[in-house]
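Letter by letter, the chains look like this.
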Amino acid sequence: MAHVSLTFEGVEEADLVNRLTSELMMVDGVESAEVGRHGADVEGRMNRAALIKAVERLGVTVN
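Quick caveat, the model's predicted, so the values are computed rather than measured.

Here the focus is helix α2 (residues 48-56). Along α2, the residues that are buried comprise Leu51, Ala54 and Val55. Buried residues in α2, looked at end-on, bunch into an arc of 95 degrees, giving them a common side. Residues of α2 that are exposed and point more than 90 degrees away from the buried face comprise Ala49 and Lys53. Next to the buried residues of α2 lie β1 (2-7), α1 (14-25), β2 (30-35) and β3 (39-44). At the N-terminal boundary of α2, the capping side chain belongs to Asn47, with an oxygen 2.6 Å from the backbone nitrogen of Ala49.

Here it is as structure tokens:
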């Protein structure tokens, strides 16, 4: 199982954290995702690019 850490900015509201968590959990291969205001730690067998795309769909830029 792989571990991927993502960092991002501009996530201030709990609603957006919840939406990011849901979006990341829907990526194929993700087993768990812990999301906060400044980033996410994701576990599973997934593609990093797919995680970034999922985050960016919600208007959040990955650093």
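At their nearest, the axes of α1 and α2 sit 9 Å apart, and the two run at 145 degrees to each other. Between α1 and α2 lies a crossing whose hand is right-handed. For the pair formed by α1 and α2, the contact residues are Leu20, Glu23 and Leu24 on the first element and Leu51, Ala54 and Val55 on the second. The class makeup of the residues in the contact of α1 with α2 is 5 nonpolar, no polar and 1 charged.

What follows deals with the sheet that holds β3. Backbone hydrogen bonds are what pair the strands of a sheet, in a parallel or an antiparallel way. If you walk across this open sheet you meet the 3 strands as β1-β3-β2, and the pairing is antiparallel. Two strands bound the open sheet, and with one partner strand each, they are β1 and β2. Sheet twist, expressed as the average angle between the axes of neighbouring strands with direction ignored, equals 15 degrees. Two strands pair when backbone bridges link them, and β2 and β3 are joined in this way by 5 bridges, in the antiparallel orientation. Following the sheet pairing, Ser32 is matched in β3 by Glu43. Lying on the sheet, α1 is in contact with β2 and β3; it crosses β2 at an angle near 165 degrees.

What follows concerns the nonpolar core. One finds Phe8, Leu20, Leu24, Val42, Leu51 and Val55 to be the most contacted residues of the largest nonpolar core, which totals 20 residues. Among the secondary structure elements, those contributing two or more residues to this core are β1, α1, β2, β3 and α2. The leading source of residues in this core is α1, at 4 residues. In contact with Leu24, not counting residues within four places along its chain, are Val30, Ala33, Val35, Ala40, Val42, Leu51, Ala54 and Val55.

Scoring rules and cut-offs
- Residues numbered from 1 in each chain as written.
- Predicted model: local features only at pLDDT ≥ 70, side-chain atom pairs only at ≥ 80, totals over all residues.
- Heavy atoms only, no water.
- Buried < 20%, exposed > 50% of the residue type's maximum accessible area, 1.4 Å probe, protein only.
- Helix = DSSP H or I, 4+ residues; strand = E, 2+ residues; numbered from the N terminus.
- Arc of directions from axis to C-beta.
- Contact = heavy atoms within 4.5 Å.
- Polar contact = N/O pair within 3.5 Å; in protein donor to acceptor, adjacent residues only side chain to side chain.
- Axes fitted to C-alpha atoms, helices over the stretch in contact; angles between N-to-C directions.
- Left-handed = near helix turned anticlockwise from the far one by under 90°.
- Nonpolar A, V, L, I, M, F, W, Y, C, P; charged D, E, K, R; others polar.
- Pairing = 2+ DSSP bridges.
- Core = buried A, V, L, I, M, F, W, Y, C linked by side-chain atoms within 4.5 Å.

On their own, these measurements won't tell you what the molecule is for.
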